[in-house]
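Take a look at the letters that make up each chain.
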Amino acid sequence: METWPLGVFASIDAGLGVRLEVAHALGVKTIHLHTPQQESRTEGQAREFLAQLQDSGMTITCVFGGFEGESYADIPTVKKTVGLVPAATRNARLAEMKEIADFARRLAVNVVGLHIGFVPHDRDDADYRAIVALAQDLCAHAIAQDQAIHLETGQEPADILLQFLDDVDRGNLFINFDPANMILYGVGEPIEALEKLGSRVRSVHCKDATWSDAPGVSWGTEVPLGEGAVGMETYLRTLQKIGYSGPLTIEREIPQEPARQKTEIAAALDLLQSLKTKIET
Ligand code: MG
């Protein structure tokens, strides 16, 4: 397989990605797909999506989970609403996440990604142990159908994420690294984090952001690729250094402005292509 095939984050009827036809028009061959809504996750729909993808020559390299009721309005709201962690929805979402993995299986996809939510930072916290057990439960469901689980970075500093992976201790649990999230959530310098996470990183997002005035308290700002604080050339060189050769999946989370989203992703594809050439992968 080609080193660093370019891709985009795509959506069908939920999530912040571009539509499949836009992904196709942009000429990419790989996509991360935000899971469609529950009513669309049927056997028949899976066949239809697969046919559509085959026609356009695109491969899904990861299906991302997401849930009704999640809100990224601000950091405290993310804490309360996102992922498997919030107690009120924990069991129902774990069951739904398994069902999303089953849907990914129908799409012949062996990587399932998600924001697990804000993992408590204290290992002695009873809730921490409960989240470890929940992650083990999800990993067991996935391994039985030959799938890996990729946790999206963002809410945890790299050290805490590594500790969590070690505590879950499952061979099919890895990381989807999103450098912009490290900045948006204010949890650490992305390049330093990437070096620490190293071989645990098995998929990546290419997204950029600028720091907030109060990192960790208020959001940073997501910006077009190359215009933020990540440093795309250093990012790619670090990916090379840690031995990552998989897809580079662009995210630009402005679905409310589809024309601008498409233009900026096209520019991001040009940027990544020129860096790939420069770095000589
Ligand atoms: Mg991301």
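Scroll up a little and you will see the structure.
Within any chain, residue numbers begin from 1 and follow the written order of that chain's sequence. Given that this is a predicted model, residues contribute local features only at a pLDDT of at least 70 and side-chain atom pairs are listed and counted only at 80 or more, while totals for whole chains, interfaces and linings are drawn from all residues. For side-chain calculations, the full set of non-hydrogen atoms in the structure is used, while hydrogens and water are omitted.

Let's talk about the pairing of strand β5 (residues 111-114)
Then, number 1: Burial along β5 is two-sided: Val111 and Gly113 and Val112 and Leu114, pointing in opposite directions, are all buried.
Then, number 2: Pairing between strands is defined by DSSP: at least two bridges between them are needed. Secondary structure elements are taken from DSSP: a helix is a run of H or I of four residues or more, a strand is a run of E of two residues or more, and numbering for both begins at the N terminus. In the sheet, strand β4 (residues 59-64) pairs with β5 via 2 bridges, with the strands oriented parallel. Bridge pairing in β5 links phenylalanine 64 to glycine 113.
Then, number 3: Here 4 bridges tie β5 to strand β6 (residues 148-152), and the two strands are oriented parallel to one another. By the bridge assignment for β6, glycine 113 is matched with histidine 150.
Then, number 4: Place the viewer so that the strands point away; then a crossover is right-handed whenever the path from the first strand over the helix to the second strand goes clockwise. You can see the chain leave β5, run along helix α5 (residues 126-143) and come back into β6, and the turn it takes is right-handed. Each residue is assigned to one of three classes by its accessible area relative to the maximum for its type, calculated with a 1.4 Å probe on protein chains only: buried under 20%, partly exposed between the two thresholds, exposed over 50%.

Here we look at the nonpolar core
Then, number 1: Residues grouped as a nonpolar core are buried Ala, Val, Leu, Ile, Met, Phe, Trp, Tyr and Cys residues, joined through side-chain atoms within 4.5 Å. One finds Ile31, Ile116, Phe164, Phe177, Tyr235, Leu239 and Leu248 to be the most contacted residues of the largest nonpolar core, which totals 86 residues.
Then, number 2: Looking at this core, the element that brings in the most residues is α5, giving 8 residues.
Then, number 3: The contact criterion used throughout is that any non-hydrogen atoms of two residues lie within 4.5 Å. The contact partners of phenylalanine 177, leaving out residues within four places of it in the chain, are Thr153, Met182, Pro190, Ala193, Leu194, Leu197, Val201, Ser203, Val204, His205 and Tyr235.

Comments concerning the coordination of the magnesium ion
In ideal tetrahedral geometry, four donors around a metal make angles of 109.5 degrees, whereas ideal octahedral geometry with six donors gives angles of 90 or 180 degrees.
Then, number 1: For Na, K and Ca the donor cut-off is 3.2 Å; for every other metal, N, O and S atoms count as donors within 2.8 Å. Water does not enter the count, which can leave sites looking incomplete. Bound to the magnesium ion on the protein side are Glu152 (OE), Asp178 (OD), His205 (ND1) and Glu251 (OE), at distances that span 2.1 to 2.2 Å.
Then, number 2: Along the chain, the residues donating to the magnesium ion are arranged with the sequence spacing E-x25-D-x26-H-x45-E. Residue glutamate 152 is found in strand β6, and its partner glutamate 251 is found in the loop between β11 (248-250) and α10 (258-279); the two are separated by 99 residues along the sequence. As far as the burial class goes, glutamate 152 and glutamate 251 line up, both buried.

Looking at the state of the cysteines
Then, number 1: Cysteine sulfur atoms are paired as a disulfide whenever they come within 2.5 Å of each other. This model, assessed by the stated rule, comprises 0 disulfides.
Then, number 2: The thiol sulfur of cysteine 139 is not disulfide-bonded, and the nearest other cysteine sulfur, from cysteine 62, lies at 13 Å.
Then, number 3: Cysteine 62 provides the cysteine sulfur closest to cysteine 206, a residue in no disulfide bond, and the two sulfurs are 14 Å apart.
Then, number 4: When its relative accessible area of 0% is taken as the criterion, cysteine 206 is described as buried.

A short note on the side chain of serine 11
Then, number 1: Locating serine 11 in the fold gives a position in strand β1 (residues 6-11).
Then, number 2: The class for serine 11 is buried, based on a relative accessible area of 5%.
Then, number 3: Filtering out sequence-adjacent residues up to four positions away, serine 11 remains in contact with Leu16, Gly17, Val18, Arg19, Leu20, Leu33 and His34.

Notes on the pattern of salt bridges
Note that side chains of opposite charge can pair when their charged atoms are close.
Then, number 1: The salt bridge criterion pairs a side-chain nitrogen of Lys or Arg with a carboxyl oxygen of Asp or Glu, the two atoms within 4 Å. All chains considered together, the criterion is met by 20 salt bridges.
Then, number 2: Salt-bridge contacts for lysine 207 lead to glutamate 253; the nearest nitrogen and oxygen are separated by 3.3 Å. Here glutamate 253 lies in the loop between β11 and α10 and lysine 207 lies in the loop between β8 (201-206) and β9 (208-210), a separation of 46 residues in the sequence.
Then, number 3: Overall, lysine 207 belongs to the buried group, its relative accessible area being 1%.
Then, number 4: A single salt-bridge network, built from bridges that share partners, covers Glu222, Arg252, Glu257, Arg260 and Glu264.

Examining the layout of surface pockets
Then, number 1: Lining residues are those with an atom within 4 Å of a point, where the points come from a 1 Å grid over the protein atoms alone and group into cavities, where a 1.4 Å probe fits but cannot get out, or pockets, open sets with protein on both sides within 12 Å along at least five of seven lines. Grid points are joined across faces, edges and corners, and a volume is the space filled by probe spheres set on the points. Computed from the structure, the largest pocket encloses a volume of approximately 790 Å³.
Then, number 2: Every residue lining the largest pocket is counted, 35 residues in all, and those nearest its centre are Gly15, Leu16, His34, Glu70 and Tyr72.
Then, number 3: Residues were grouped as follows: Ala, Val, Leu, Ile, Met, Phe, Trp, Tyr, Cys and Pro as nonpolar; Asp, Glu, Lys and Arg as charged; and all remaining residues, including Gly, as polar. Looking at side-chain class alone, the lining of the largest pocket contains 10 nonpolar, 14 polar and 11 charged residues.
Then, number 4: For the second largest pocket, the calculated volume is near 160 Å³.
Then, number 5: Lining the second largest pocket are His32, Thr61, Val111, Ala148, His150, Phe174, Arg202, Ser203, Val204, Tyr244, Pro247 and Thr249.

Looking at the pairing of strand β7 (residues 173-177)
Then, number 1: Most of β7 is tucked away: 5 of the 5 residues are buried.
Then, number 2: Every second residue of β7 is oriented toward a common face, with Leu173, Ile175 and Phe177 on one face and Phe174 and Asn176 on the other, all of them buried.
Then, number 3: Relative to β7, β6 is paired through 4 bridges, and the arrangement is parallel. Its bridge partner lying in β7, glutamate 152 is registered against asparagine 176.
Then, number 4: In this fold, the crossover linking β6 to β7 by way of helix α6 (residues 158-168) has right-handed handedness.

Some details on the side chain of histidine 150
Then, number 1: Checked against the element boundaries, histidine 150 lands in strand β6.
Then, number 2: Taking the relative accessible area as the measure of exposure, histidine 150 reaches 3% and is therefore buried.
Then, number 3: Distance and chemistry together define a polar contact, namely a pair of N or O atoms within 3.5 Å, with one atom able to donate a hydrogen and the other to accept it when in protein, and with adjacent residues in sequence counting only for side-chain atoms on both sides. Polar contacts involving the side chain of histidine 150 include one to the side chain of serine 203, which spans 2.7 Å.
Then, number 4: Non-local contacts of histidine 150, meaning those with residues more than four positions away in its chain, are made with Val111, Val112, Gly113, Leu114, Phe174, Ile175, Asn176, Arg202 and Ser203.

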